[in-house]
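Remarks on the overall topology
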Amino acid sequence: MNTRFLATLCAIAEAGSLAGAARALGLASATVAEQVQALERELGVRLVGRQGRAVTLTDEGRAVVAAGRDILARVADLAQVAQLGRLRGGLRVGAVSTALISILPPALKLMAERSPEIALHIAPGTSSQLARMLEAGEIDCALTVQPRFALAKGWGWLPVRREPLTLVSPVGLRRDTTDAYLSAAPLIRMDRRSPTGAIVTDYLNSRRIVPNELFELDAPDTITILVSLGLGIALLPDYGFRSSDDRPIRKIPIADRAFVRSIGILHRRGARIALIDALHAALCESCARPG
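Everything in this summary refers to the structure shown in the same document. Fair warning: this is a prediction, and the values are worked out from it, not measured in the lab.

Looking now at the pattern of salt bridges. What the rule picks out here adds up to 14 salt bridges. Asp179 is the salt-bridge partner of Arg207, the closest N and O atoms lying 2.9 Å from each other. Of this pair, Arg207 sits in the loop between helix H9 (195–206) and strand E8 (213–217) while Asp179 sits in helix H8 (residues 178–184); the two residues are 28 residues apart in sequence, bridging distant segments of the chain. Through salt bridges that share partners, Arg189, Arg192, Glu213 and Glu216 make up one connected network.

As a further point, take the packing of aromatic side chains. By the definition in use, this model includes two aromatic pairs. Taking the centre distance of 5.3 Å and the plane angle of 85° together, the rings of Tyr203 and Phe259 count as edge-to-face. One end of the pair, Tyr203, is in helix H9; the other, Phe259, is in the loop between strand E10 (250–253) and strand E11 (260–268), with 56 residues separating them in the sequence. Using a relative accessible area of 12% as the deciding quantity, one classes Phe259 as buried.

Okay, the side chain of Ser262 next. If you trace the backbone, Ser262 turns up in strand E11. Residue Ser262 is classed as buried on the basis of its relative accessible area, which comes to 15%. For Ser262, the contacting residues outside a window of four places in its chain are Thr144, Val145, Gln146, Trp157, Arg161 and Arg162.

Here we take up the packing of helix H1 (residues 3–15) against helix H3 (residues 29–43). Helix packing for two helices is described by the angle between their axes and how far apart those axes are. Their axes nearest at 9 Å, the elements H1 and H3 cross at an angle of 115°. Of the possible angle classes, the one that applies to H1 and H3 is roughly perpendicular. Every pair of crossing elements has a handedness; the one defined by H1 and H3 is left-handed. Listed contacts from H3 to Arg4, Phe5, Leu6, Thr8, Leu9 and Ile12 of H1 are Val32, Gln35, Val36, Ala38 and Leu39. Of the residues in the contact of H1 with H3, the class split is eight nonpolar, two polar and one charged.

Criteria and cut-off values
- Residues numbered from 1 in each chain as written.
- Predicted model: local features only at pLDDT ≥ 70, side-chain atom pairs only at ≥ 80, totals over all residues.
- Heavy atoms only, no water.
- Salt bridge = Lys/Arg side-chain N within 4 Å of Asp/Glu carboxyl O.
- Helix = DSSP H or I, 4+ residues; strand = E, 2+ residues; numbered from the N terminus.
- Phe/Tyr/Trp six-rings, centres within 6.5 Å; stacked < 30°, edge-to-face > 60°.
- Buried < 20%, exposed > 50% of the residue type's maximum accessible area, 1.4 Å probe, protein only.
- Contact = heavy atoms within 4.5 Å.
- Axes fitted to C-alpha atoms, helices over the stretch in contact; angles between N-to-C directions.
- Parallel < 35°, antiparallel > 145°, perpendicular 65-115°, else oblique.
- Left-handed = near helix turned anticlockwise from the far one by under 90°.
- Nonpolar A, V, L, I, M, F, W, Y, C, P; charged D, E, K, R; others polar.

Following this line, the structure appears as structure tokens:
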């Protein structure tokens, strides 16, 4: 079987059309159609149904795509297996926004200095988006918040750092206790459906606090901007954000250290583990350096 044809079918599943798959693969639409037809002849089943310009996968097509993604990942791993332990090859890394602006840049600098033959491709996303991308084989690992669910068989977790929960306040608001802050101003809340939002919910429940909520969003950096504008307060993990002249805020540590966010690398075990280990080492070193 030509694995390129299998990759074409997966591209159609993601794009939802022959034209979209053709653009993603840099091929002509006619070529994409011919490759799918060749794959259908080889497997002896119909894989896609055509309705004008749109295509839908048949039940057989969906089954082949589900298995095909794993096959394509294994084929891609062969490039790393062939290196016999040398750190060389491509690594697709997903990262949450807070990691992109804090711990990832210095780690990438270390990787460029020590492992220049590892070609890194970085994709941004939320924790839930990155988990889906990892499941679909679109990335090799994700720098993300530790999942609250049990990891599937074949998945691994490499811890990088722990970020304590912190109350973020406008500079002009001063109170004696955390509870008093939460009573004095509206809460700009992390999306409660996110792993970070769940930590905030756990803290509020432990204190039996029902805050006055103003906004809810899964964008920590945007939340700090809203706080600096005096719109309310927030509860965020301390991922390294700071007060500045154009974004003045106050950070008040939460005394109870039970409420922390764990950041690490979520990955699927495979031949690229040596590359993932190298990235993990660079991240841990960058976190350990002062400043």
